[in-house]
Structures are given as C-alpha cells and as structure tokens.
Number of protein chains: 2
Amino acid sequence: MTSTSIIDSALQRSRRSFLKSGLAGGAALMAGSAAARAAGDPLITEIQDWNRYPGDGVDAAPYGQPSQFEAEVVRRDVPWLTADPISSINFTPLHELDGIITPNGLCFERHHGGKAVIAPADHRIIINGMVDTPLVFTMEDLKRFPRENRIYFLECAANSGMEWRGAQLNGCQFTHGMVHCVMYTGVPLRYLLAEAGVKPGGSWLLAEGADASAMTRSIPMDKALDDCLVAFKMNGEALRPEQGYPVRLVVPGWEGNMWVKWLRRLEVGDAPWAQREETSKYTDLMPDGKARRHTFLMDVKSVITSPSPQAPVTHGKGPLVITGLAWSGGGRISRVDVTIDGGRNWRTARIDGPSLPKALHRFYLEIDWDGSEMFLQSRAIDEDGYVQPTKDALRAVRGVNSIYHNNGIQTWQVRTDGMVENVEIS
Amino acid sequence: MTSTSIIDSALQRSRRSFLKSGLAGGAALMAGSAAARAAGDPLITEIQDWNRYPGDGVDAAPYGQPSQFEAEVVRRDVPWLTADPISSINFTPLHELDGIITPNGLCFERHHGGKAVIAPADHRIIINGMVDTPLVFTMEDLKRFPRENRIYFLECAANSGMEWRGAQLNGCQFTHGMVHCVMYTGVPLRYLLAEAGVKPGGSWLLAEGADASAMTRSIPMDKALDDCLVAFKMNGEALRPEQGYPVRLVVPGWEGNMWVKWLRRLEVGDAPWAQREETSKYTDLMPDGKARRHTFLMDVKSVITSPSPQAPVTHGKGPLVITGLAWSGGGRISRVDVTIDGGRNWRTARIDGPSLPKALHRFYLEIDWDGSEMFLQSRAIDEDGYVQPTKDALRAVRGVNSIYHNNGIQTWQVRTDGMVENVEIS
C-alpha cells in the first residue's frame, strides 16, 4: 500500500518540522519522562476495571450529557454583579474550551426579564409599520422560506466591561466569557421584509422580543438587508430556551443585545426609536458626559484562554501550549500576535481551524517554557487592518465611564509556580 | 446612513430573486394566509403570560438543556436489532436537525462492550511495537503537543445496512442516523509517532481501546501520518463518555469503527493484525462468498432528511423546503441533485454553509409543491467526481450479503396527505 521508504521519509519530515517548531528540548524531555513513566505504572501493568467489565449499554437517557469528570465545566455567574437573576448574566467557561464551536449547554446567558418559555405553536412573528402588507408568521410559515447556515460569534457589549477601571475579576470566564460561537440556521431577514414589502423611506427596523422585558432595539435597514438571520436552530438543533427559543434575531458582528431573543415583532420605520435599551443602556458614556449611541459593531478583540487564572500551568517547565480566541465584527481575523514578556517581543500565533467572517478564530503559540515569570498578551488584527488596542489607548479616548465595548489587550501574569493572575502593566 | 433608493432597490432585487426561485405562487399564498391570520388571532391581540410575567433568571443548573418542547428530539434505538444494549446502537435524529454540526447530546452511540468510564488522571496512551522508544503518555502530556481543529463526519460502516435487502426501517433516523459531524480538537497522530520514532518497515498501526471490548483495528501508516488526530474535544468541550472520553482516534473519511474510543494503545507493525473486528466483522461479504476487507473509505452519499417519514409535510401544498445531508470520505461534495419524481427529472440543489473536506454538507431545494405524490431522491457527487450510486447498481456488484457500506440512493414517497414512507422504485 505504501513503501517503507515513503513512510520513513514522511516521519522524518514530520519529526523535523515538529522539532523545528521550537519544541526541540522540550520534546526530548517529554519523551524521557514518558518512557520512564512506563516502567512501574500500575495503570499500564495491571488490567483496569473498565477494561475487564462491560460498561453501560447505549444510553437509556437519550439526550447525552457530559462526563461526570467534567462537572466543573459549566456556566458560572457572579452573584454580586446584579441585583436579581432575572436581569443578570452567567459566563461561558472559555478557559476549558478549544476549537471555535461553543456547545449549546455552555453558551453564556443574559436576560433582562428572565427566560420566556414559549411553545412554538403559540408563537407569532409580526411584521408591521411602513410595509405594503402587514404579516403574521407562525413558526411553520417561517420554515417554508429558504434557509442559511452560518457560524457567528455573539458577544455582549458589556463583555470585559468590569476591566475599564483596571483588572477586577480573576478568570478568563468572568472577564471575557460573555461571548460564544455557534452555527445558526435561519431565514435571511431580507426574505421576510421582501414578503411584506418595505415602503419607500423605510430605513430602520425595530426588533421586539416576547419576553417580560419586551427587549426592543433599532436596527438600520441596510444591516437588516445584508446578513441578518431570523434563526431557529443553533449547532443543528432547536435554539435553547435561554437563547430565545423558538426564534431569535442574528445580527452578525454587532453587539449581542441587538440579537433579540423570543423575536415577536419587526416594525419598519424611517428613524431609530430611542428605546430604553438603546438610550439609558447600551450607549457609551464618554469623559465629557455625552453618550455615544449606535455603537453597534463589536471591534477586533482577542484573549488567551489558557493559561489563564482558572487554567494554570500544572506541568512545570518545558513544552507549553498557549491558546486563545480572536474575533472581529468586521470580518475575518488575519493575524494574532502573542507576547510572553508583556509586549517587548511579539510572535505570530498559528490560527487553526476554519477562518470564517464574524466567527471566533482559534490561535496557538507553542513554546518551551523556561519556568520564569511571564506576562502573556494577545493582539488580533482583522482583515480590514484594524488592530486590537491596549486598554490604555482605549481609556485615552473613551475614559472609564462606560461598561461597554472594551476590546483592550488582556494581560495574564504567569508566576514561576504556574499560577496565573489578571493584571495590568504599563 | 443609507438612501431610501438603495434600500428599495435592494429589496426589489431580493424580492425578485426570491420569487424567481420558484416560490412565486406559493409566496403569494403565504402572504395572503399570513395577513388573514392576523385579524382574529388572540396570540396577536392579547398579551401572553410570557410577555406579562418575568421568567426564570440565569440558569441555576448551569449546564444548559434543550427546551421542554423538544423532548422528542433524542437519539433512539431499535431494541430488536441487537441482543444486548452493551453491544448495540442508537441513532442521530437527522430528521430534526439542520446545518452541519451535530450537537454532542444527539451524536449516535455504538458500543461493543458498553461504555467505559475512565477518569482522565487514570488514563494512559501507550505507543509500542516497531518504535525507537516505547512511550506512555498521560492526558496532560498529550495536551502539551500542538493541536488542530477540524470538522469531520463520522459514519458507522453499517449505516443504512438494513436497506441492502430492500426498504426496511421507516424513518431517516433509523435508516441513516449512524452519522454525525462535530469539530474535533486533537493532536495530529504523526506528532506522537515522530516522538516515539517509527522504525524502518513500520507500515501499519494497531489502535486499541480501553473498553471491555478492547476494540482493536489495523490502520495503514500512510493514513496515520496523513490526517488522523488523537482527539480530546468535540464541539469545543471534552469528548462525551459514549464517544470515548477522555480520548479517541479520529480517522477522517474512514469507517467509524476505526475511530477507536477510549484509545489506550498504538502499536507499530509491518502488517495488518487481522483482529476480530476487521475479519468476522467490518468486512463485506460478496455474492461469491468471499469477503472484501480493508474497505475503510466511506463513499460519497446523501439523504433527504426532511421531508422524511418522521418529518412529514404538515402544511399542505405551496412553498416546501426539501433539505438533506451529503458527505464523502474522499473530500468535499461538489454537487447534489434532487428529484421529486423518482429520477425522471433532476435539479441541482443549493449547498449552504461551510463546504469542508470529509464533513457533512447541508443542501436545500425549495419547491412549490402542487400537492401530488412525490418520490424524493438525492444524489451526491464529490470533488473527485464520484457519483452516489443507486441501490440496484450497488447490489449488481456486491449482492445483498453485506450489512456494510451501503451508500445507495434513498427514496422517500411523499403521499398527497403529506405522510412519507421509505420505499424503493426501479
């Protein structure tokens, strides 16, 4: 099937490229310790119970669950952040994840009036306002339109918001965990608008949720006609209840608050509405006391997810995988740089996996850690050339009044014992 | 922000293209019924409870679960298929899914000695045989090597196996549900082999599982060096227990049985081993009584997932979305054709979403159903030009002794009342 010489040559190539990647000393160390480990390890020399006795058969509880050994990999909240859980948040455990897909059970939650529970048969989507024909769609109607499938990140505008005034919360989950990334299936919003017929002058859209907060946001018509989806699936299955089941708006690259959950009404108008959640909230209070509004786009951003405070280095010096996520509301990520010495030297990280517009990108930098203190940072650059700024550069322009749109560079201090802390350096 | 004329023109373009897609009559019908529906619908005219009263706050059970209204969307088994659940299967509910990602909780299971339960700290991966240095890796060791993220389908060789002798089981879940598609994160197998050093002549690899069946398969070295991964994550999180937690082999495009779960040993040799699961099983019994072995590749295949027996047409005539999945172990899908009249006329379906090698592809054909009986079929073509065969063409060559590698074209009969059945036509 394949000649020995081809295989050997391929292996030699593979080995050379692996060693060349900077792991030379470390890899040798690992091989040494791995070989030594074999000699007296009862896990190797003795047959284990799971190898000796049959396990449980195909699952009687047919919707599968994570392993019992992963019980700590969960969304977590910070109780003191908000007065009541019906208008609160929990966070995606980014430090435990890899790749670019977030499993549905770990996508962060943010509610403004609790989680609406709606039977699909009882749900309606209304289109009214400046349209030729006001329409009401059932979920079944919606599923008769052509669908699209797209992988997008969703980030809350307030993600990393506590960090405006300096390093506060410890842990990548709590500082950056209001982001997730799934494949959505939905109907392009422009098809529904075309069905109703937008009247001349219809330049804004109001999206309204059916939850107790009746979450309501104004969306420019050109965005609505571009890439918005009226989505009913995430990662292949129905939307989760906390993500707007049975239907939500997908507004790619823009702040998560606009992705109205439990979507029940779309009104066409000729101006934005100035609803509560786009005036007193989700505007950016500047140093002069004025508030910037319509700051919809989520700018280019990245964070190292491991090592991080909840994912310390437990194996000592030698080969270490540094990994993280990068994303931009403007499109694809073109490059991520990583520093281990607080910005004195930068190396280009390896982006691995699909590179899709307005989706998370996974990056890696493999190093041979000498065991000394590190200050880890990542800096993303998107396809339009936008470069993730430092927190200080952001503060110089925007001050520290806002809790929104903090895409500044994160620093993790890795101590010599492998423990990691959220710090700032100048 | 955008001029009215641009918007109106975009909407007109959108509308024209939507109408041109064959939905003209149907779309008008839908608009009519949707408008009529508005008038007296209490779901529109009255405020509903979920809009009036706050819902539950952020989840106290932090690993999220599907909606209560999706309780029927689960893996299902067919009890009479096997003698005991420890060596049995359940099936992915393909008829309820969309896009190309399978949620982890719905990925089909297939066990040969039940599900091994292994704490990551107690797991070891051995490399031995024709290597310079036999090695033992812990899970922590494994995570110090460079990782890759790839979306791949996994299909059991016996998927659709009951259909060799004619249409048997009803339902896309039961006929075709031994396939799923997730993003894996893992270490390229070639890195581990390079670490151990493969000796000259090492041309085959034995992969062995730590479960009670000690599942053992021979893999050619060139495949091992090409794209195999030693994977520990699926869709971002840890592998599920039934998928080999904490670690499995990923053998892209090849039959699922080779993707050894609970991977504990890799032995390098100079010939295949002829283990039980590659001799008495997972070989293809031909009409002359001989068995073909080493039929590793999963050939080009497709199936319409909706409408299908478990997903009948409930909305009557008019716009109808026909959707399905296509895949090939050889690479990307280049085209999918769909017929509604049992093969007399074929139309090219729309492939939507990422087109990735050895991954599921999602296709759609939107039609204006006239309410008459249909015989639905899909036919996939991969990037190498391989065309999915008819079942009769397969039988002419391979007979009906085998239960493996049935990639024949599936026919669904859609009756005038919208109900769907598994049939064969000649």
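Since this is a predicted model, take the numbers as computed values, not measurements.

A. Spatial organisation of the overall build of chain A. When you go through chain A residue by residue, the secondary structure sums to 8 helices and 21 strands. Whereas a compact globule of 426 residues would reach a radius of gyration of roughly 22 Å, chain A reaches 24 Å, a difference of no more than 12%. Across its three principal directions, the C-alpha atoms of chain A cover 75 × 60 × 45 Å. Counting only residues that meet the buried cut, chain A has 62% of its 426 residues in that class. Restricting the contact set of chain A to residue pairs at least 6 apart, pairs at least 24 apart contribute 72%. With the model as given, the accessible surface of chain A reaches about 14900 Å², and the carbon-plus-sulfur share is 51%. Distance from the positive charge centre (45 side chains) to the negative charge centre (50 side chains) of chain A: 3 Å.

B. Structural detail: the relation of the copies chain B and chain A. Placing chain B over chain A gives an RMSD of 0.0 Å and needs a rotation angle of 180°, together with 0.0 Å of translation along the axis. When the rotation and shift are considered jointly, the pair of chain copies conforms to a two-fold rotation axis. Minimal C-alpha distance to the rotation axis in chain B is attained by B:Pro103, lying at 3.6 Å. Interface residue correspondence from chain B to chain A reaches 100%, placing this contact among same-surface, isologous pairings.

C. How the structure looks around the domain arrangement of chain A. Residues and elements named next belong to chain A. One can read the domain layout of chain A as domain 1 (74-292) and domain 2 (301-423). Inter-centroid distance (C-alpha atoms) of domain 1 to domain 2 is 26 Å. Counting from both sides, the interface comprises 45 residues of domain 1 and, opposite them, 42 residues of domain 2. Of the roughly 3700 Å² buried between domain 1 and domain 2 on both sides combined, carbon and sulfur atoms contribute 56%. In terms of surface lost to domain 2, no three residues of domain 1 exceed Ile100, Phe153 and Trp164, which account for 22% of the buried area on that side. The tally of links between domain 1 and domain 2 comes to 4 salt bridges. Lysine 391 is the partner of glutamate 163 in a salt bridge, and the nearest nitrogen-oxygen pair spans 3.6 Å. At 5 residues, helix 5 (residues 172-176) tops the list of elements feeding residues into the side of domain 1 that touches domain 2. The residue makeup of the side of domain 1 that touches domain 2, split by class, is 20 nonpolar, 15 polar and 10 charged.

D. How the structure looks around the side chain of A:Asp141. One can find A:Asp141 in helix 4 (residues 139-142). For A:Asp141, the side chain forms a polar contact with the main-chain nitrogen of A:Thr138, separated by 2.9 Å.

The rules we used
- Residues numbered from 1 in each chain as written.
- Chains lettered and ligands numbered in written order.
- Predicted model: local features only at pLDDT ≥ 70, side-chain atom pairs only at ≥ 80, totals over all residues.
- Heavy atoms only, no water.
- Helix = DSSP H or I, 4+ residues; strand = E, 2+ residues; numbered from the N terminus.
- Rg over C-alpha atoms; globule rule 2.2 N^0.38 Å.
- Buried < 20%, exposed > 50% of the residue type's maximum accessible area, 1.4 Å probe, protein only.
- Contact = heavy atoms within 4.5 Å.
- Areas by Shrake-Rupley, 256 points an atom, 1.4 Å probe, with all protein chains shown as cover.
- Lys, Arg positive; Asp, Glu negative; His and termini not counted.
- Charge placed at Lys NZ, Arg CZ, Asp CG, Glu CD.
- Least-squares fit on C-alpha atoms with pLDDT ≥ 70 in both.
- Domains from an automatic or database assignment.
- Buried area = accessible area lost by both parts, 1.4 Å probe.
- Salt bridge = Lys/Arg side-chain N within 4 Å of Asp/Glu carboxyl O.
- Nonpolar A, V, L, I, M, F, W, Y, C, P; charged D, E, K, R; others polar.
- Polar contact = N/O pair within 3.5 Å; in protein donor to acceptor, adjacent residues only side chain to side chain.

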